[in-house]
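One letter stands for each residue in the lines below.
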Amino acid sequence: QVRLVESGGGLVQAGGSLSLSCVVFGRTIRNYNMAWFRQTLGKEREFVAAISWGGDSTKHTDSVKGRFTISRDNAKNTVYLQMNSLKPDDTAMYYCTTDLVANRGRLAEAEYYYWGQGTDVIVSS
């Protein structure tokens, strides 16, 4: 059974930083594209960032470019999201997810199937 466990969320002032982690159990992530999404109450889940299974390709949504960085450590079976210069609009529950299919060549075609329970990020103004 695949299980994802996020951590690192919390309360931070605007302009501050947080580092989110996502440890995956039940699957070796080495061959899977990974991503972070976020969701606020009453809104649809929103894509934040993704990283290819080889680690050579990343994608960040426009609103976080230059502030957030996704990375991975396959040896630790962990994906990270470094968040700097946080804004109140970044307040959300952040979810980690993994592609359904291994070795998918195109990051844009990833089908995110397994999800964690989320970690809460609150940015105060």
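Residues numbered from 1 in each chain as written. Predicted model: local features only at pLDDT ≥ 70, side-chain atom pairs only at ≥ 80, totals over all residues. Heavy atoms only, no water.

### Quick notes on the side chain of serine 21
Move 1: Tracing the chain through its elements places serine 21 in strand E3 (residues 18–25).
Move 2: Residue class for serine 21 comes out buried when judged on its relative accessible area of 17%.
Move 3: Those residues in contact with serine 21, other than ones at most four positions away along the chain, are Val5, Glu6, Ser7, Trp36, Thr78, Val79 and Tyr80. (Helix = DSSP H or I, 4+ residues; strand = E, 2+ residues; numbered from the N terminus. Buried < 20%, exposed > 50% of the residue type's maximum accessible area, 1.4 Å probe, protein only. Contact = heavy atoms within 4.5 Å.)

### Some thoughts on the nonpolar core
Move 1: Counting residues in each nonpolar core, the largest one holds 25 residues, and the members touching the most others are Met34, Trp36, Val48, Phe68, Leu81, Met83 and Tyr94.
Move 2: Those elements that provide at least two residues to this core are E3, strand E4 (34–39), strand E5 (46–51), strand E7 (68–73), strand E8 (78–83), strand E9 (92–99) and strand E11 (119–124).
Move 3: Here this core takes four residues from E3, the largest share from any one element.
Move 4: By size, the runner-up hydrophobic cluster in this structure holds six residues, among which are Phe37, Leu107, Ala110 and Tyr112. (Core = buried A, V, L, I, M, F, W, Y, C linked by side-chain atoms within 4.5 Å.)

### Here's the deal with the layout of surface pockets
Empty space among the atoms becomes apparent when a probe as large as a water molecule is rolled across them.
Move 1: The computed volume of the largest pocket comes to approximately 210 Å³.
Move 2: Around the largest pocket sit 13 residues that line it, and Arg38, Thr40, Lys43, Glu46 and Asp89 are the ones nearest its centre.
Move 3: Partitioning the lining of the largest pocket into residue classes produces one nonpolar, four polar and eight charged. (1 Å grid on protein atoms, 1.4 Å probe; cavity = no way out; pocket = protein on both sides within 12 Å on 5 of 7 lines; lining within 4 Å. Points joined across faces, edges and corners; volume = space filled by probe spheres on them. Nonpolar A, V, L, I, M, F, W, Y, C, P; charged D, E, K, R; others polar.)

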